[in-house]
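# Per-entry structural report
Listed below are the residues making up each chain.
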Amino acid sequence: MTSKNRIRAWEITSESNYLNRRDFLRGSGIALGGALAATALPRVAEARPPELETVAWPGSTDEAPNSWEDITTYNNFYEFGTAKEDPYRNAQDFVTRPWTVRVSGECDRPGDYAYEDIVKPHTLEDRVYRHRCVEAWSMVVPWVGFPLGDLLKRFEPNSNAKYVAFKTLYDPDRMPGQRRPVLRWPYREGLTIEEAMHPLTILSVGVYGREMPNQKGAPMRLVVPWKYGFKGIKSIVEIEFTQRRPRTSWNMSASREYGFYSNVNPEVDHPRWSQARERRIGAGLFAPKQPTLMFNGYGEEVAHLYAGLDLRKNY
Ligand SMILES: Nc1nc2c(c(=O)[nH]1)N[C@H]1C(S)=C(S)[C@@H](COP(=O)(O)O)O[C@H]1N2
Ligand SMILES: [Mo]
């Protein structure tokens, strides 16, 4: 079934609440601060991205997704600024077509692939995942995507491919945050080949049944639900199969704080704060923090990937 002829859980819950709330606020002229902080942001010209044809993924969490507004106005995307609302403000005019991804390294089908070549052969699924940032906040996001492994297999990785490295676009004219050395650009991330092939790991091309909003990582980004959010590299232009473990941006800037694995782990604190609890964005100002789950709640599916590893050392 496609998105045209069925109602998805979030269509009856959060998105329509979101629309109603916006209409209500517009009608009444009330500006609510604090609890609805995002609503009080000065509006920028925001066009809703086009709808996509999708199917529901049976494994989605049944937690209520965050509103469209939460997931598109509270973001980390340092290429567009370091404040949470900067990507919403500064990425609206970012043009992501045409878009090319360079595939290289230990595989038999390297080359430059257009966005369409990458996405067209795959069935797009609505996958609602918990999303946990290392800053101890979390959301529930209705991603649109497909298993990254299904894509990677098309490039025919060889037996030397032990890791997969990703890079974000480097273009300071289009990504103004790159004019300052906040990170060493381009943003880089990496996974072991087993992590990259795991069926929960998706290449995401949208949220809420629509194409990816720019501030969320258009046109395509990684989503690894059992890892801290920073592993989810946005606006990918390079995929490389490597024999050696690739360097990653946050590890390069603060290796004591950000390891290669970055599995969500309530028992291993960030050196500067506890990781035992998290604040659910949108739960309201006075909502208590909730306990963080090992592997963000996906342990049954992924713990075997780390059998025998000391997770205190391999953070
Ligand atoms: N290219 C790029 N990817 C990135 C980031 C970034 O600054 N640049 N921030 C990361 C961090 S820290 C998080 S928590 C998630 C945030 O994703 P979201 O805005 O969809 O919540 O994106 C990750 N991917
Ligand atoms: Mo993050």
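Coordinates for the structure precede this section.
Scope of this entry: the structure provided in the associated data block.

The rules behind the values
Residues numbered from 1 in each chain as written. Chains lettered and ligands numbered in written order. Predicted model: local features only at pLDDT ≥ 70, side-chain atom pairs only at ≥ 80, totals over all residues. Heavy atoms only, no water. Helix = DSSP H or I, 4+ residues; strand = E, 2+ residues; numbered from the N terminus. Buried < 20%, exposed > 50% of the residue type's maximum accessible area, 1.4 Å probe, protein only. Pairing = 2+ DSSP bridges. Axes fitted to C-alpha atoms, helices over the stretch in contact; angles between N-to-C directions. Phe/Tyr/Trp six-rings, centres within 6.5 Å; stacked < 30°, edge-to-face > 60°. Lys NZ or Arg CZ within 6 Å of the ring centre and 35° of its normal. Near = heavy atom within 4 Å. Polar contact = N/O pair within 3.5 Å; in protein donor to acceptor, adjacent residues only side chain to side chain. Areas by Shrake-Rupley, 256 points an atom, 1.4 Å probe, with all protein chains shown as cover. Nonpolar A, V, L, I, M, F, W, Y, C, P; charged D, E, K, R; others polar. Salt bridge = Lys/Arg side-chain N within 4 Å of Asp/Glu carboxyl O. Contact = heavy atoms within 4.5 Å.

## Brief notes about the overall build of the protein
- Along its length, the protein carries 9 helices and 13 strands.
- Sorting the 315 residues of the protein into buried and exposed places 53% on the buried side.

## A look at the sheet that holds strand β7 (residues 188-192)
- Across the sheet, which stays open at both edges, the 5 strands sit in the order β3-β2-β11-β6-β7 with mixed pairing between neighbours. Here the strands that pair on one side only, and so sit at the sheet edges, are β3 (111-114) and β7. The sheet shows a mean angle of 20 degrees between the axes of neighbouring strands, direction not considered.
- Here strand β2 (residues 100-105) pairs with strand β11 (residues 236-242) via 4 bridges, running parallel.

## What to know about the packing of aromatic side chains
- Taken as a whole and assessed by the stated rule, the structure comprises 15 aromatic pairs.
- Centre to centre, the rings of Tyr129 and Tyr298 are 5.8 Å apart; their planes meet at 70 degrees, and the pair counts as edge-to-face. Separated by 169 residues along the polypeptide, Tyr129 in strand β4 (residues 125-132) and Tyr298 in the loop between β13 (290-291) and α9 (299-302) bring together distant segments of the chain. Tyr298 carries the same exposure label as Tyr129, and that label is buried.
- Ring centres of Trp250 and Tyr258 lie 5.3 Å apart, and the angle between their planes is 65 degrees; this geometry places the pair in the edge-to-face category.
- You can call Trp250 buried: its relative accessible area is 18%.
- Relative accessible area serves as the criterion here: at 7%, Tyr258 is assigned to the buried category.
- One residue, Arg48, lies across the ring of Trp68, its end atom 4.5 Å from the ring centre.

## What about the site of ligand 1?
- Around ligand 1 lies a shell of 18 residues, among which Tyr78, Glu79, His131, Lys216 and Lys234 are the nearest.
- One nitrogen or oxygen atom from the main chain of Tyr78 is found 2.8 Å from an oxygen atom belonging to ligand 1.
- One of the side-chain nitrogen or oxygen atoms of Arg221 is found 2.9 Å away from an oxygen atom of ligand 1.
- Protein coverage of the free-state accessible area of ligand 1, which is 530 Å², stands at 99%.
- Taken together, the residues that form the shell around ligand 1 break down as 8 nonpolar, 6 polar and 4 charged.

## Quick word on the pattern of salt bridges
- Summed over the entire model, instances satisfying the criterion amount to 17 salt bridges.
- Between Asp150 and Lys153 there is a salt bridge, with the nearest N and O atoms lying 3.9 Å from each other. Residue Asp150 and its partner Lys153 are both found in helix α6 (residues 148-154); the two are separated by 3 residues, about one turn of the helix.
- On the basis of relative accessible area, Lys153 is assigned to the exposed category, the value being 52%.

## Some remarks on the environment of Asn251
- Tracing the chain through its elements places Asn251 in helix α8 (residues 249-253).
- For Asn251, a relative accessible area of 21% corresponds to the partly exposed category.
- Contact partners of Asn251, with chain neighbours within four places excluded, come to Tyr258 and Gly259.

## Points about the side chain of Glu195
- Mapped onto the secondary structure, Glu195 falls in helix α7 (residues 193-197).
- Leave out the neighbours within four places in its chain, and Glu195 touches Thr201, Trp226, Lys227, Phe260, Tyr261, Leu305 and Tyr306.

## Quick look at the pairing of β4
- For β4, the tally of buried residues reaches 8 of 8 residues, placing the bulk of the element in the interior.
- Here β4 shows no split at all, with Glu125, Arg127, Tyr129 and His131 on one side and Asp126, Val128, Arg130 and Arg132 on the other all buried.
- Across 2 bridges, the pairing between strand β1 (residues 55-56) and β4 is parallel. Directly across from Val55, in β4, lies its bridge partner Glu125.
- In this sheet, strand β5 (residues 137-147) lies alongside β4 in antiparallel orientation, the contact comprising 8 bridges. Among the inter-strand pairings, Asp126 is bridged to a residue of β5, identified as Val144.
- Linking two consecutive strands that pair antiparallel, namely β4 and β5, is a turn of 4 residues; a positive phi of about 75 degrees is found at Ala136 within it.

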